[in-house]
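Notes for the structure review
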Amino acid sequence: MTLAKARVLPQPAGPASDERRKEILAALDCDFLTLLGWDWKRRVITFPRQHPVIGVPGCPVPRCPSTITVLTRPMCGGCMERWRGSDLALEEFLLVPKATSRGTGQGPCAVASCERPRDTVASQLCSPHHTQRVRTKLSALTWEEFLVHPRVAGHAGLGPCEVAACYLDRVGQTPYCKVHYRRLRRARVAPGFDETRWRRTDKAICTTREASLRGLPDLLVAELLYGLQARVEEGLKVRPECLRPLYDRLRTHEVQELNEVTDPAAQGHSREQDTMIRAWQRALRRLNTTPETERVKDVWTWRSSATPATCRSRACCRSRCGRR
């Protein structure tokens, strides 16, 4: 598929001397970034529900927030297990709402003026408001009465989690979100634990439809977005459950640009991730190359030496190999 460049892409702030980053940013397509729900401040990819290449359909079971990761299955993995353990036909099971759900991501507190996230999906309240509802005299009120009671005042937000990859809000007096605080308690018992480095390199907390590029250098973020765009243009499927560990591993190794990954498999990347990284590196090498820039080289990177059936070069190469 081909993505047309419709308008000028707003670029994030960065060093004026970083010409390569600017070159890559200029090649990004605004419509593609909009499709990903991309925002340069938030830096989180959100895969759309409906798209022929990168669409991630939601689970059809009512009240289930998960997505279908195996497209040959009619629902998410958790609901598939529940259905196999039930006596219902598939058509009947898909009509029954999911009774409980741990939920994903971080939702707002149900109190209208409160800026803090809810503690759990079930309570729908931040921790202070949940305590107020269950441990004070206000517990006798109905849910609707509690939300509008004059003693139920909103709380100011505590700010973002200080883990570089995370975009969630803090929930207490620690500088972390709820999940990263739990991770920290487990991680700090290791000998020689470095909390500063842990903040820079720990994994993000993403929903099944998201992949975080936070905490990565600006140049690498631009390269990864362009690589993803090039893969989608070729009509190749991309799954969030493949991209998330790839981005996390790049963050853990503190990679500054994609060319530093000379042996993806040796760094722990899967075969699928290895293939993607090498394809992205080729796409970046060929970015903005022309016959005039390539003819003076001993080794051409612009036009593949493959047969015309697999050639993916640009319009002037098509005139030579006969592809349209």
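Look up a bit, the structure's there.
We now turn to the structure provided with this report. (Residues numbered from 1 in each chain as written. Predicted model: local features only at pLDDT ≥ 70, side-chain atom pairs only at ≥ 80, totals over all residues. Heavy atoms only, no water.)

Okay, the environment of C76 next. Structurally, the position occupied by C76 is in the loop between β1 (44-46) and α3 (77-84). For C76, a relative accessible area of 4% corresponds to the buried category. Measuring from C-alpha to C-alpha, the distance between C76 and P57 comes to 9.6 Å, with 19 residues separating the pair along the chain. Discounting chain neighbours no more than four positions away, the residues touching C76 are C59, C64, S66, T67 and I68. (Helix = DSSP H or I, 4+ residues; strand = E, 2+ residues; numbered from the N terminus. Buried < 20%, exposed > 50% of the residue type's maximum accessible area, 1.4 Å probe, protein only. Contact = heavy atoms within 4.5 Å.)

A positive phi angle is found at R43, which is not glycine, with a value near 60°. Residue R43 is classed as buried on the basis of its relative accessible area of 14%. One non-glycine residue, Q124, lies in positive phi territory at about 65°. Position of Q124 relative to the elements: it lies in the loop between α4 (90-93) and α5 (127-135). By relative accessible area, which is 39% here, Q124 ends up partly exposed.

The final tally for this structure, using the stated rule, is 13 salt bridges. In this structure, the salt-bridge partner of E195 is R199, at a minimum N-O distance of 3.9 Å. Highlighted residues: E195 and R199, both in helix α8 (residues 195-201), separated by four residues, approximately one helical turn. Exposure remark for E195: the relative accessible area of 26% places this residue in the partly exposed category. The class of R199 is partly exposed, set by a relative accessible area of 26%. Two residues, R239 and E272, come together in a salt bridge whose shortest N-O distance is 2.5 Å. Remark: E272 occurs in helix α11 (residues 271-285) and R239 occurs in the loop between α9 (218-233) and α10 (240-252); sequence separation between them is 33 residues. By relative accessible area, R239 is classed as partly exposed at 33%. Overall, the relative accessible area of 29% leaves E272 in the partly exposed class. Among the charged side chains, a salt-bridge network with shared partners connects E162, E195 and R199. (Salt bridge = Lys/Arg side-chain N within 4 Å of Asp/Glu carboxyl O.)

On to the nonpolar core, then. General note: in soluble globular proteins, nonpolar side chains tend to be found buried as a group. Ranked by size, the top nonpolar core spans 42 residues in total, and within it I45, L213, L224 and L225 carry the most contacts. Only α1 (19-27), α2 (30-35), α9, α10 and α11 provide two or more residues apiece to this core. Broken down by element, this core gets its largest block of residues, ten residues, from α9. Once residues lying within four places of it in the same chain are set aside, the contact partners of L225 are L28, F32, L33, L36, W38, W40, I45 and L213. Membership of the second largest hydrophobic core comes to eleven residues, among which are Y176, C177, L184 and I205. (Core = buried A, V, L, I, M, F, W, Y, C linked by side-chain atoms within 4.5 Å.)

This structure, assessed with the given rule, holds three aromatic pairs. A centroid spacing of 5.3 Å and a plane angle of 90° characterise the contact between W38 and W40, whose relative ring orientation is edge-to-face. With a relative accessible area of 11%, W38 lands in the buried category. In this structure, R42 is placed above the aromatic ring of Y167, and the distance from its NZ or CZ to the ring centre is 4.5 Å. The ring of F146 carries R133 above its face, with NZ or CZ at 5.4 Å from the centroid. (Phe/Tyr/Trp six-rings, centres within 6.5 Å; stacked < 30°, edge-to-face > 60°. Lys NZ or Arg CZ within 6 Å of the ring centre and 35° of its normal.)

Before going further, it helps to examine the packing of α1 against α9. Across the interface, α1 lies against α9 with an axial gap of 9 Å and an inter-helix angle of 30°. It follows that α1 is roughly parallel to α9 by the angle criterion. Once α1 is placed against α9, the crossing between them reads as left-handed. Across the interface between the two elements, R20, R21, I24, L25 and A27 from α1 touch D218, L219, A222, E223, Y226 and Q229 from α9. Of the residues belonging to the contact of α1 with α9, the class tally is six nonpolar, one polar and four charged. (Axes fitted to C-alpha atoms, helices over the stretch in contact; angles between N-to-C directions. Parallel < 35°, antiparallel > 145°, perpendicular 65-115°, else oblique. Left-handed = near helix turned anticlockwise from the far one by under 90°. Nonpolar A, V, L, I, M, F, W, Y, C, P; charged D, E, K, R; others polar.)

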